[in-house]
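Listed here are the chains, written in short residue letters.
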Amino acid sequence: MCWRIWNLARQKKQLEGEEAQRRNKRRLERERGRREAVADMSEDLSEGEKGDIVSDLSSHGETNKARLPRISSVETMEAWASQQKGKKLYIVLISLHGLIRGENMELGRDSDTGGQVKYVVELARALGSIPGVYRVDLLTRQVSSPEVDWSYGEPTEMLPPRNSEGLMDEMGESSGAYIVRVPFGPKDKYIQKELLWPYIPEFVDGALNHIIQMSKVLGEQIGNGHPVWPVAIHGHYADAGDSAALLSGALNVPMLFTGHSFGRDKLEQLLRQGRLSRDEINSTYKIMRRIEAEELSLDASEIVITSTRQEIEEQWRLYDGFDPILERKLRARIKRNVNCYGRFMPRMVVIPPGMEFHHIIPHDGDMDAEPEPDEDGNSPDPPIWTEIMRFFSNPRKPMILALARPDPKKNLTTLVKAFGECRPLRELANLTLIMGSRDNIDEMSGPNASVLLSILKLIDKYDLYGQVAYPKHHKQSDVPDIYRLAAKTKGVFINPAFIEPFGLTLIEAAAHGLPIVATKNGGPVDIDRVLDNSILVDPHDQQAIADALLKLVADKHLWAKCRANGLKNIHLFSWPEHCKTYLSKIASCKPRKPRWLQNKNDGSDDESSESDSPSDSLRDIHDISLNLKFSFDGSKDIRENIDGSLDSGDQRSKIENAMQTWSKGMAKSAQKSGSTTEKGDQKFPALRRRKHIIVIAVDSDGSSGFAETVRKIFEVLETERTEGSVGFILATSLNIREIRAFLESEGLKPTDFDSFICNSGGDLYYSSLHSEDSPFVVDLYYHSHIEYRWGGEGLRKTLVRWAASITDKKGGKEEHIVVEDEETSADYCYSFKVQKPGVIPPVREVRKLMRIQALRCNVIYCQNGSKINVIPVLASRSQALRYLYLRWGMDLSKVVVFVGESGDTDYEGLLGGIHKSVVLSGVCSSASGLHANRSYPLADVICNDSPNITRTSQGCSSSDLRAQMEELGLLKG
């Protein structure tokens, strides 16, 4: 037995050592990469920039007290309202998991329905009451399941403002704040957040549809007939951050992000506990997928909103995509319009959560004052008071209140031990544990049930009956009454969590006049700097917790001082002030929206037909001609000259104005001459006329299998092709020259396809009926749509250096494994040839390296690992489909995507969403090795039992394809 114990201890120590080595390696990699990034920018760093950085660093440790907003007077609110006069903003918030509704929130029902739910609902409600904000949509998941209340299945719910008289000058039909529930995932099942990942693309498509429709509605109400796009999309938590990034890219609008909690921090804590291995942690929590979502959120966000400085300095800095020093350096350069060499960093902003105080009246009484019964002789005390006090043998003692779900990280067992082992504390006070609502412990989730059982055992161990309350049920509306009861008994509020990102309950408790004992890890540090009403403790130190509680309960002068300080300073946290700071940060973002709408929205375009009108062919020609032109094989010198000129806003404007004038002249000429451009069969593009769209996205390292698949699909749909009811899109890693060569070699015409998504989503072309020499037309507006944070030449140089560093040193000589492929590269796609696919570093390592150097891009291994395409961070083949939906009204639910058994490393995006996917069994199965090197397994993000995904039989015969298409409604059986 001793040998076994010793062996287990040795193994645990070895694992801890290996994990420490991995952490140290990651830290060194980040430092090395960021030194390289700084070195790239050091040559022309001015003394002023250095001063800015030194100033930022010296002020790093300052208290937030000076920076926190103060509650405004009536005059200040009126001044704010006058500043916002004329502004009518549309804001989208996203919070996916848990159960969200406006009233009677079931906080603590499970680990997914906690403080974040209350935060986002109150933020939406508060923003909807601020002058200048017309509409706020909080998007979440629609849950129509018998296991939850019916209200979570309602498509929309209005969040009426509280005490907002005089704040809204105008109320419109759609104004205000709303919860909008988007159906995605299993329709009749409530699922936890770790299992939502495969359904994120489905949510993105549904949310995109809602936003587009709402933009049209708001356009009619407040936009003079022009669509009103969101001024920002704000994701909350990793799953919503991932969704917000995709929506931001699809709509070309700014993104904000709030993490709430952090995957890397959770991973390190779980590894330190030593109960689960890394693989077990990932299997349980899908932690690597969560971390990748947080990294993507950093890639895409303009602003990351945090509650405390601690989040920035101790948690966000764990990520590859953020470094505080580099962020300050880049910000200093941007202020001086100095070249950042393609590097971008999100701005971290501390905005503490707000709170409504108008309904709170701190209780000045005590338990010795007997309440007067009402006329019927009933006690006026709230029912929850009776429910709590029935546990106590002496209910007049001060109450130590903890309000948290029974989650291991909330550390409630340590609190019970501290109370149970401190006899003076037990003699002076009672303990109340508000741990959510439950019916049966056996029906609770595993970790929560385990914590609750441990607490019950500790109560029995220390014989705490009559001294500890743990009611089974409470409503959200009962929480203020619970705080009031604790204050009436001259009690104390405690938050003993191992780490607390912010701690909204601390502000709530202080507003009700309760002194506080709280963890020293996280947000409570910043809160105490402002309120000065707390004792902060090490949550691992049981004795320190007991001593702090005893000190506040026993020392009435200290209790009164902490209470007074909290009530005096609580006005520094309010929702109106939070929202004004929030909106000022949004105003600092560069406005973005779909670029092809700019000229239309300024009132200069007198065309009034709807963009999705079936007879809108002339506008189609106008829009596409405004994109300038050229076929893929136009003069490279001319193209480079024009593309280069677009760096200047004035020159870009002149070119666009000239092309607009030319295109209007062409349209008028066509109208006068009665040419074929007016005929229905000449509409361009024809995507909106198709009943179904077939997307052929079969990845392969050779053209033979690819060509055979195209021929089979065309053969099965020959009748529909002839009728024009079915259109085709080719989505591939090839560039347009390679596509043209492929079409010629197979006897296909460009007009067999409506659109070509090239370079893994870096380029978008349409087929043209007007020129055999120039059969493709490039959509330059797509470039302007995806160019956000594109590093350009600075990114290319870094990639070239990286490629040169990847060598094979076997056999006594160095051979380059990766080389730049200038011939197939394009302005928005840098391509590299892989000489030895078997020894190339995994795709996650390249993404990590670019993020460490603050270069934001999407790295894709394609053509069975023989090629690497690097495109803008928010570009991909699946995002190109969403762009086509946004611009041309292509119905995504009528899209069918054909893919192989495996594919390029952007493969997962093609298998999610509201479109249908057909997996061709046996086709492109050799590319599966590309996905073995990603940071998370494909099984975490692909739902193979989805009704939107079907599979052919092995061999993929024409009859099998026909059967699949009949099943999908493309063909009549």
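Residues numbered from 1 in each chain as written. Predicted model: local features only at pLDDT ≥ 70, side-chain atom pairs only at ≥ 80, totals over all residues. Heavy atoms only, no water.

**Examining the overall build of the protein**
Point 1. When helices and strands are counted, the protein shows 33 helices and 28 strands.
Point 2. Counting the 973 residues in the protein, one finds 59% classified as buried.
Point 3. Considering only residue pairs separated by 6 or more positions, the protein has 73% of its internal contacts joining residues 24 or more positions apart.
Point 4. Approximately 40,700 Å² of the protein is accessible, and the part contributed by carbon and sulfur atoms is 49%. (Helix = DSSP H or I, 4+ residues; strand = E, 2+ residues; numbered from the N terminus. Buried < 20%, exposed > 50% of the residue type's maximum accessible area, 1.4 Å probe, protein only. Contact = heavy atoms within 4.5 Å. Areas by Shrake-Rupley, 256 points an atom, 1.4 Å probe, with all protein chains shown as cover.)

**A word on the pairing of strand E1 (residues 89-94)**
Point 1. Counting buried residues along E1, five of its six residues qualify, which places the element largely inside the surrounding structure.
Point 2. Sheet topology places E1 next to strand E2 (residues 133-141); six bridges connect them, and they run parallel. If you follow Leu93 over to E2, its bridge partner there is Leu138.
Point 3. Taken together, E1, helix H4 (residues 115-127) and E2 form a β-α-β motif whose crossover is right-handed.
Point 4. The sheet contact formed by E1 and strand E5 (residues 232-236) spans four bridges and is parallel. Pairing of Leu93 across the sheet is with His234, part of E5. (Pairing = 2+ DSSP bridges. Right-handed = clockwise from strand over helix to strand, strands pointing away.)

**Details of unusual backbone geometry**
Point 1. For Asp463, which is not glycine, the phi dihedral falls at a positive 55°.
Point 2. Structurally, Asp463 can be placed in the loop between helix H15 (446-461) and strand E11 (468-469).
Point 3. Although it is not a glycine, Ala854 sits at a positive phi angle of roughly 65°.
Point 4. Structurally, the position occupied by Ala854 is in the loop between helix H31 (843-852) and strand E24 (857-862).
Point 5. Residue class for Ala854 comes out buried when judged on its relative accessible area of 0%.

**Considering the side chain of Asn252**
Point 1. In this fold, Asn252 is placed in the loop between helix H6 (237-251) and strand E6 (255-258).
Point 2. A distance of 3.0 Å separates polar atoms of two side chains, one belonging to Asn252 and the other to Arg592. (Polar contact = N/O pair within 3.5 Å; in protein donor to acceptor, adjacent residues only side chain to side chain.)

**Things to note about the sheet that holds strand E12 (residues 492-495)**
Point 1. Strand order in this open sheet of six strands is E11-E10-E9-E12-E13-E14, and the pairing throughout is parallel. A strand with exactly one partner marks an edge of an open sheet, and here the two such strands are E11 and strand E14 (534-537).
Point 2. Pairing of strand E13 (residues 516-519) with E14, which is carried by four bridges, proceeds in the parallel orientation. From the neighbouring strand, Val517 faces E14, where its bridge partner is Ile535.
Point 3. Each of strand E9 (399-403), strand E10 (430-434), E11 and E12 is contacted by helix H13 (residues 412-421), which is oriented at about 170° to E10, the strand it contacts most. (Axes fitted to C-alpha atoms, helices over the stretch in contact; angles between N-to-C directions.)

**Looking at the sheet that holds strand E26 (residues 895-900)**
Point 1. Pairing is mixed across the open sheet formed by eight strands, whose spatial order is E19-E18-E17-E16-E15-E26-E27-E28. On the outer flanks of this sheet lie strand E19 (776-778) and strand E28 (949-951), each paired with one strand and no other. Taken over all neighbouring pairs, the strand axes of this sheet differ in orientation by 25° on average, direction set aside.
Point 2. Here four bridges tie strand E15 (residues 692-696) to E26, and the two strands are oriented parallel to one another. Looking at the pairing, Ile696 lines up with Phe898 of E26.

**Focus on the packing of helix H30 (residues 792-805) against H31**
Point 1. The contact between H30 and H31 brings their axes to 12 Å, and the two run at 130°. In terms of orientation, H30 and H31 fall into the oblique class. Considering only the axes of H30 and H31, their crossing is right-handed. Residues Leu795, Thr798, Leu799 and Trp802 of H30 form the contact with H31, whose participating residues are Val846, Leu849 and Met850.
Point 2. When grouped by side-chain class, the residues that make up the contact of H30 with H31 number six nonpolar, one polar and no charged. (Parallel < 35°, antiparallel > 145°, perpendicular 65-115°, else oblique. Left-handed = near helix turned anticlockwise from the far one by under 90°. Nonpolar A, V, L, I, M, F, W, Y, C, P; charged D, E, K, R; others polar.)

**What to know about the confidence of the model for the protein**
Point 1. Put simply, the protein has an average pLDDT of 82, and 78% of its residues get 70 or more.
Point 2. Note that pLDDT drops below 50 for residues 43-78; the model gives that stretch 54 contacts with residues more than four away or on any other chain.
Point 3. Between residues 658-683, whose pLDDT stays under 50, and residues either more than four places distant or in other chains, the model counts 30 contacts. (pLDDT = per-residue confidence, 0-100.)

**Brief notes about the pattern of salt bridges**
Point 1. Applying the stated criterion to the full structure yields 49 salt bridges.
Point 2. Between Arg851 and Asp299 there is a salt bridge, and its shortest N-O distance comes to 3.0 Å. Here Asp299 lies in helix H9 (residues 287-300) and Arg851 lies in helix H31, a separation of 552 residues in the sequence.
Point 3. Asp299 gets classed as buried once you look at its relative accessible area, which sits at 1%. (Salt bridge = Lys/Arg side-chain N within 4 Å of Asp/Glu carboxyl O.)

**Topic: the packing of helix H5 (residues 200-222) against helix H32 (residues 877-888)**
Point 1. At a closest axis distance of 11 Å, the pairing of H5 and H32 adopts a crossing angle of 15°. The orientation of H5 with respect to H32, classified from their angle, is roughly parallel. Remark: the crossing between H5 and H32 carries right-handed chirality. Packed against H5, whose contacting residues are Pro201, Val204, Asp205, Leu208, Asn209 and Ile212, the element H32 presents Arg882, Tyr885 and Leu886 at the interface.
Point 2. When the residues that make up the contact of H5 with H32 are grouped by side-chain class, the tally is six nonpolar, one polar and two charged.

**A closer look at the pairing of E5**
Point 1. By the criterion of burial, E5 is predominantly enclosed, with five of the five residues buried.
Point 2. Here E5 shows no split at all, with Ala232, His234 and His236 on one side and Ile233 and Gly235 on the other all buried.
Point 3. The parallel pair E5 and E6 is bridged by H6, and the resulting crossover is right-handed.

**A closer look at the packing of aromatic side chains**
Point 1. Using the criterion set out here, one finds 17 aromatic pairs in the structure.
Point 2. An aromatic cluster of three or more residues is present, and its members are Phe714, Phe728, Phe753, Phe756 and Phe776.
Point 3. One cation-aromatic arrangement involves Arg135 over Tyr178; the distance from NZ or CZ to the ring centre is 4.0 Å.
Point 4. Above the face of the Tyr788 ring, Arg592 is positioned so that its terminal group lies 3.9 Å from the ring centre. (Phe/Tyr/Trp six-rings, centres within 6.5 Å; stacked < 30°, edge-to-face > 60°. Lys NZ or Arg CZ within 6 Å of the ring centre and 35° of its normal.)

**Points about the nonpolar core**
Point 1. If you look at the biggest cluster of nonpolar residues, it comprises 130 residues, and the most contacted ones within it are Ile94, Phe203 and Leu884.
Point 2. If we skip the residues at most four places from it in the chain, Phe203 touches Ile94, Leu96, Leu139, Thr140, Val182, Phe184, Ser243 and Leu247.
Point 3. Formed by 75 residues, the second largest nonpolar core is a distinct cluster that contains Trp385, Ala469, Ile535 and Ile545. (Core = buried A, V, L, I, M, F, W, Y, C linked by side-chain atoms within 4.5 Å.)

**Side note on H15**
Point 1. The terminal C-alpha atoms of H15 lie 22 Å apart, and with 16 residues this matches the ideal 22 Å at 1.5 Å per residue to within 8%.
Point 2. Inspection of H15 places Asn448, Ala449, Val451, Leu452, Ile455, Leu458 and Ile459 among the buried residues, and these make up the whole buried set.
Point 3. On its buried face, H15 is in contact with H13, E10 and E11.
Point 4. The first or second residue beyond H15 is Asp463, which carries a positive phi of 55°. (Expected span 1.5 Å × (residues − 1).)

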